[in-house]
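An overview of the molecular structure
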Amino acid sequence: MSRIARDFGILILAFTMHSAFAGPVEDYKTGLENFREGDVVGAMTPLKRAADAGQPDAQALLGYILHQAGENDSAIAYLRKSAEQGNAEGQYNLSVMYSSGDAVPKNIPESMKWLQLAAEQGNSKAVNAMAQHYISGEAANQDSAEALSWIKRAADINHIPAINALAAAYRNGRYGLAIDPAQAAQLEARSLKLRGLTEAPKKKSDY
C-alpha cells in the first residue's frame, strides 16, 4: 500500500469516527440555530435525532418545544431524560410541568426538587423562580436564611422583584438583615434603572 493511500485511509477513518461521536452534538447545534431563527419545523428533525441519541441539551429543547405545542406526554418524557442527566434547562422545564400538572398529576414537592437542582446549577430562570417562591409567601420558611440566599442570588442577576424585596428587607430588617437605609436606597435606585425610571412612580391623588 502506498503512503498516500495509507494516509488517506487514516483520514477517512478519523472522519468517520469523528462523525459518529459528533453527530448528536452537531444535530443539536443545527436544531438550536433553526429554532433561534424561528424555524421550529426545521429544528424538530435534527433535535429529535440528537435527543433520541441521548443528547441532553437536545432533549431539553425538544421537550420545551413539545410542551409549548401541547404534546405533553412526549414533552415530559424528553425532559425527564434530560433532567436525569443533570441538564439544568431540562430540570427547570420538568419542574414547570410538575407545577402546572401537564401530563402528570400536579406535584409541588416534585416540582421544587427539580427547580432547586436547576437553580443550584445557576439556571437563571430557576434562580428567579426559587426567589419568587419565598417572596410570594408560598414557602413555609419564607423568612429563613435560605430565603435570603435565593433572593440575593436572584437580585445579583437583576431579577427586579428580588431587588425590591431585598431593598425592603434592608429597611425593615427582614430575613435577619441589619437595617441599612443606604443599602436599601442603592437597591431601589437599581430597580428603577432596570425599569427605565428615574424616580419612583407617584401614587395617584384622590382629588
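Remember, predicted model here, so these are calculated numbers, not experimental data. (Residues numbered from 1 in each chain as written. Predicted model: local features only at pLDDT ≥ 70, side-chain atom pairs only at ≥ 80, totals over all residues. Heavy atoms only, no water.)

1. Notes on helix α3 (residues 56-68)
- Taking 1.5 Å as the rise per residue, α3 with 13 residues should run 18 Å; its terminal C-alpha atoms sit 18 Å apart, in good agreement.
- Regarding α3, the residues found buried are Ala58, Gln59, Ala60, Leu61, Leu62, Gly63, Ile65, Leu66 and His67.
- Measuring from the side-chain oxygen of the N-cap residue of α3 to the backbone nitrogen of Asp57 gives 2.9 Å; that N-cap residue is Gln55. (Helix = DSSP H or I, 4+ residues; strand = E, 2+ residues; numbered from the N terminus. Expected span 1.5 Å × (residues − 1). Buried < 20%, exposed > 50% of the residue type's maximum accessible area, 1.4 Å probe, protein only. Polar contact = N/O pair within 3.5 Å; in protein donor to acceptor, adjacent residues only side chain to side chain.)

2. Quick look at the packing of aromatic side chains
- For the structure shown, the criterion picks out one aromatic pair.
- Ring plane angle 90° and centroid distance 6.4 Å describe the contact between Phe35 and Tyr64, whose orientation is recorded as edge-to-face. Here Phe35 is found in helix α1 (residues 3-36), whereas its partner Tyr64 is found in helix α3, with 29 residues between them in sequence.
- The exposure class of Tyr64 is partly exposed, given its relative accessible area of 32%. (Phe/Tyr/Trp six-rings, centres within 6.5 Å; stacked < 30°, edge-to-face > 60°.)

3. Re the nonpolar core
- Grouped together as the largest cluster of nonpolar side chains are 29 residues, with contacts concentrated most on Met130, Tyr134, Ile151 and Leu166.
- Per-element tally for this core: the top contributor is helix α9 (residues 160-172), with seven residues.
- Excluding residues that lie within four positions of it along the chain, Met130 makes contacts with Met112, Leu115, Gln116, Ala119 and Trp150.
- Formed by 21 residues, the second largest nonpolar core is a distinct cluster that contains Tyr28, Ala51, Leu61 and Leu62. (Core = buried A, V, L, I, M, F, W, Y, C linked by side-chain atoms within 4.5 Å. Contact = heavy atoms within 4.5 Å.)

4. Focus: the environment of Ala53
- For Ala53, the position within the fold is in the loop between α2 (40-52) and α3.
- In this structure the C-alpha to C-alpha distance between Ala53 and Gly23, which are 30 residues apart in sequence, comes to 9.0 Å.

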